[in-house]
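# Residue-level structure breakdown
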Amino acid sequence: MSLDAARERPSGSFFYNPRVRGLFWQAVLILVVGFLGYEAVVNAATNMRARGIPTDFAFWDRVASFDINLTLISYSATSTYGRAFMVGLLNTLLVAAIGVVLATVLGFFLGIARLSKNFVVAKLSSFYVEIMRNTPLLLQLLFIYNAVLKPLPNPRDSISFGAGFYLNNRGLVMPDPQFAPGAGFILAAGVAGIVASVFYRIYAKRRQAQTGEILPVGRVSAALILLPPVIVYLLLGQPISFEMPILRGFNFVGGLRVLPEFVALVLGLSLYTAAFIAEIVRAGILAVSHGQTEAAQSLGLSRSQTLKLVIIPQAQRVIIPPLTNQFLALTKNSSLAVFIGYPDLVQVFAGTVLNQTGAAVQVIAITMAVYLVISLITAVIMNLYNRRMALVER
Amino acid sequence: MSLYLRRDEAPTMPPPVRAGGAIGWLKDNIFSGWVSGPLALAFIALIVWVTPDLVRFFILDAIWTADDGAACRVQGTGACWAFVDRKLDFFRYGSYPVAEHWRVDVVIMLGTVLSARLLWPDGKKSTFGLFAFLIGIPLFIFLMIPGPAAIIREPSLELAILAGGIALACALEFSKLRTLWVGLIFFVLYPVLGAYLLKGSPLLGLIHVDTNLWGGIFLSLLVATIGIVFSLPAGILLALGRRSELPAVRFFSILYIEFVRGVPFITVLFMANTMLPLFVPDNWSPDRLMRPIVGFALFAAAYMAEEVRGGLQAIPKGQSEGAMALGLSYWQRMRLIILPQALTLVIPGIVNIFISLFKDTTLVAIVGIFDFLRAIDAARIDPVWSGPTVSPTVYTFAAAFYFIFCFGMSRYSQMMEERLNAGRRR
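Residues numbered from 1 in each chain as written. Chains lettered and ligands numbered in written order. Predicted model: local features only at pLDDT ≥ 70, side-chain atom pairs only at ≥ 80, totals over all residues.

The next thing to look at is the domain arrangement of chain A. Each domain of chain A was delimited in the assignment, giving domain 1 (2-51), domain 2 (81-158 + 256-389) and domain 3 (183-241). Relative placement of domain 2 of chain A and domain 3 of chain A: their C-alpha centres are 29 Å apart. (Domains from an automatic or database assignment.)

Residue and element names in this part refer to chain A. Relative to each other, helix 3 (residues 81-114) and helix 4 (residues 119-133) sit at 130°, their axes nearing to 7 Å. Taken together, the axes of helix 3 and helix 4 lie oblique to each other. Note that helix 3 runs across helix 4; the crossing there is left-handed. Across from Leu110, Ala113 and Arg114 in helix 3, the residues of helix 4 making contact are Val121, Ala122, Ser125, Ser126, Tyr128 and Val129. When its residues are assigned to classes, the contact of helix 3 with helix 4 shows six nonpolar, two polar and one charged. (Axes fitted to C-alpha atoms, helices over the stretch in contact; angles between N-to-C directions. Helix = DSSP H or I, 4+ residues; strand = E, 2+ residues; numbered from the N terminus. Parallel < 35°, antiparallel > 145°, perpendicular 65-115°, else oblique. Left-handed = near helix turned anticlockwise from the far one by under 90°. Contact = placed C-beta atoms within 7 Å. Nonpolar A, V, L, I, M, F, W, Y, C, P; charged D, E, K, R; others polar.)

Residues and elements named next belong to chain A. With respect to topology, four strands assemble into an open sheet ordered 1-2-3-8, the strand pairing being antiparallel. Looking at strand neighbours, the two that pair on one side only are strand 1 (159-162) and strand 8 (256-258), the edges of this open sheet. Taken pair by pair, the neighbouring strands of this sheet meet at an average axis angle of 20°, ignoring direction. Relative to strand 2 (residues 165-168), strand 1 is paired through three bridges, and the arrangement is antiparallel. (Pairing = 2+ DSSP bridges.)

Inside soluble globular proteins, nonpolar side chains tend to come together where they are buried. Ala84, Leu138, Leu141, Leu265 and Phe349 of chain A together with Leu269 of chain B are the most contacted members of the largest nonpolar core, which has 158 residues in total. The element that contributes the greatest number of residues to this core is helix 8 (residues 260-287) of chain A, accounting for 14 residues. Residues contacting leucine 141 of chain A, with those up to four places away along its chain left out, are Ala264, Leu265, Gly268, Leu336, Phe339 and Ile340 of chain A. Of all hydrophobic cores here, the second largest spans five residues; its members include Tyr166, Leu172, Val173 and Met174 of chain A. (Core = buried A, V, L, I, M, F, W, Y, C linked by C-beta atoms within 7 Å. Buried ≥ 20, exposed ≤ 12 C-beta atoms within 10 Å, placed from the backbone.)

Once that is clear, we can look at the environment of phenylalanine 108 of chain A. Turning to its location among the elements, phenylalanine 108 of chain A is positioned in helix 3. Dropping the residues within four chain positions of it, phenylalanine 108 of chain A is found in contact with Ile277 and Val281 of chain A.

So, about the interface of chain B and chain A. Taken together, the contact pairs 45 residues of chain B with 46 residues of chain A. Secondary structure elements with two or more residues in the side of chain B that touches chain A: helix 1 (21-29), helix 2 (36-60), helix 11 (247-262), helix 12 (265-279), helix 17 (372-380) and helix 18 (390-420) of chain B. Residue classes in the side of chain B that touches chain A are distributed as 32 nonpolar, eight polar and five charged.

Here we take up the environment of alanine 305 of chain B. Residue and element names in this part refer to chain B. By the element assignment, alanine 305 lies in helix 13 (residues 290-314). For the pair alanine 305 and leucine 238, spaced 67 residues apart in sequence, the C-alpha separation works out to 5.6 Å. With sequence-adjacent residues up to four places away left out, alanine 305 is seen in contact with Gly235, Leu238, Ala239, Arg242 and Ile257.

Glancing now at the confidence of the model for chain B. Scored by pLDDT, chain B has a mean of 84; 94% of the residues are at 70 or more. The ipTM assigned to the predicted complex is 0.86, against a pTM of 0.85. (pLDDT = per-residue confidence, 0-100.)

In this section: the pairing of strand 3 (residues 171-174) of chain A. Residues and elements named next belong to chain A. Pairing geometry for strand 2 and strand 3, over three bridges, is antiparallel. Across the sheet, residue leucine 167 finds its bridge partner in strand 3, namely leucine 172. Between strand 2 and strand 3, which pair antiparallel one after the other, the connecting turn spans two residues. Here strand 3 pairs with strand 8 via three bridges, running antiparallel. Paired with valine 173 across the two strands is arginine 257, which belongs to strand 8.

Below is the structure:
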């Protein structure tokens, strides 16, 4: 640091010494922030006592006595507020996980389509991206929920997609998979296949480094992952069956019903985020200079090899950090569930629980902490990944 | 060792497949490959299939004038524009008293002309640019906010507002008032004047209008403007703090930025709404409208800070060291050397943040603020008008409104980027 040398030297006046000034301003800042924090705590304590608002976490173990219409874990009106929190958290994670997968697939497709030389494909995907990016997510959610899903026909006149999938104003009805005792083995076989394919990949890389021979990794991995579960499924006498939804009276009996709120939220989040991911993918691919493509072609690589071995590894480095930011944004945006009544963390916990208990400070602090923890975990993983992927420069 | 020598002439190659012309274009753009070709055909089929339905729904079969929802409820009719037409004043002003609408119009007209002057880059304007600034912007705002119908309602007052807007634009343009002074008027004088006009003051003879009644497009613009105007200076300070050499300053800046960016905007709004009144002494408790605006501004500043930091990091260290060698103080270095370069670099990013902030203003509805989208959602369920076509119509209307603003901002940023890059273009 070039300033350090200047700092070490005693300067003419005490007041003009940058070090003294620095310490002074920091002390001022700490005092001001400390004072504001102290005032806030004192005021909050007085105000909360005056209004009879609880200041502890005793509500956590009390009976919630409200119902939630989508629960991944067992929950009833007699469960505690803590249990309601878990239900909300899992619902948020569920929406985020499905949304992330759908948005990534659609976003990559759109991003590549925008770069297509084909006029129609490129223009139509940029039209989509511009529309989605320039209108609020909340408006899109309300549109999907109120203008598309709500006016759907009632269960008797459901729109049928075949194979037991029906869409009506009470949500999406689909076949419910039933797992017989042996079903766990199928999962185990699938996991074993994935592990085997990872080992095969390592072996193929080593083989290529030693002999130059390129093994068909893609095809072998596909076979390793797909075949064992199918074989186990057939050997065990088909332990997974599907319970088909049947229309009886005014509603469907059996099958799996997905709430319209859930459909709207997943659709809205993934359609919106896909437009942003498309831009990231496009920028990432454009960031790889054309010279790389030309060099690859002059080495005799085929088009798909160029893409797989030269373009994608370099574009990845540009794409992945902002892509993670979009995943985080999607997770945070899932809190818009509150507007359409999907029971996510914010709706259940910062909404219903807060209103019932009145413990505003605690509830909001916990809700914020959850999102902060998700962000921090992602940030740590991202930093590790970045360190691995960063350009190795001499 | 053998030498290769060509002994006979190379065979003539067939002429290239026709590349230009209509067939060449079709080949390049429609039937271009095994993936994109069928895809393009599918897209064309989609357009052909959907367009007539859309035209029929939004234009041909649409109901343009009606007194209630009966006409829109008829089976097979299209968009219910009559509903939008009837509710337009509610969408614009919320429940602000009709007789006082002119006050909102004045505030918006003044703000638009002043900010247009500030946003318009210095230097010679083209004839078209001059015309757009002097007449186009006041007229556009007049048609958007009071609307043509206002002239029938209160001809003298509304026309005076339009004339005033044009006169102000002319005055700003021809008096050659320096940008700094316009900035001072906009950031100091205008907010005070606007607040008195909107809230009312017995001194000026204006009746009091409670913030409960504010709403619609006017409120969306208000929240967005305050947030955006506050976020830029606060964001710059936070970004400088994050790159400061003083550990305490850096620590608090990082803590603030990472905390706000790590949580959803809705929780910030909840916090502003329920916790802000608890943190201050009882008699200081902020106004119901002020709370989400404070939350919005705090939220916006953190995002702006990260964008500005990106720009600061892109400026080579030599710039700062050169400025130090000239004997400039920290604030002089930042004001004269670093920030002008850094901010220029991140203009597209800053405008992107403006766009996302403008879209995020829709979320203030969660704490009971009647912004544009909330007004639309409230009007949508009016039993007099309720019908199957009402929701798609109003949502399309809202989407068009947000699209015009956001797309306009992104075009503006592209224009500025080009202008400011003039020195770097080869």
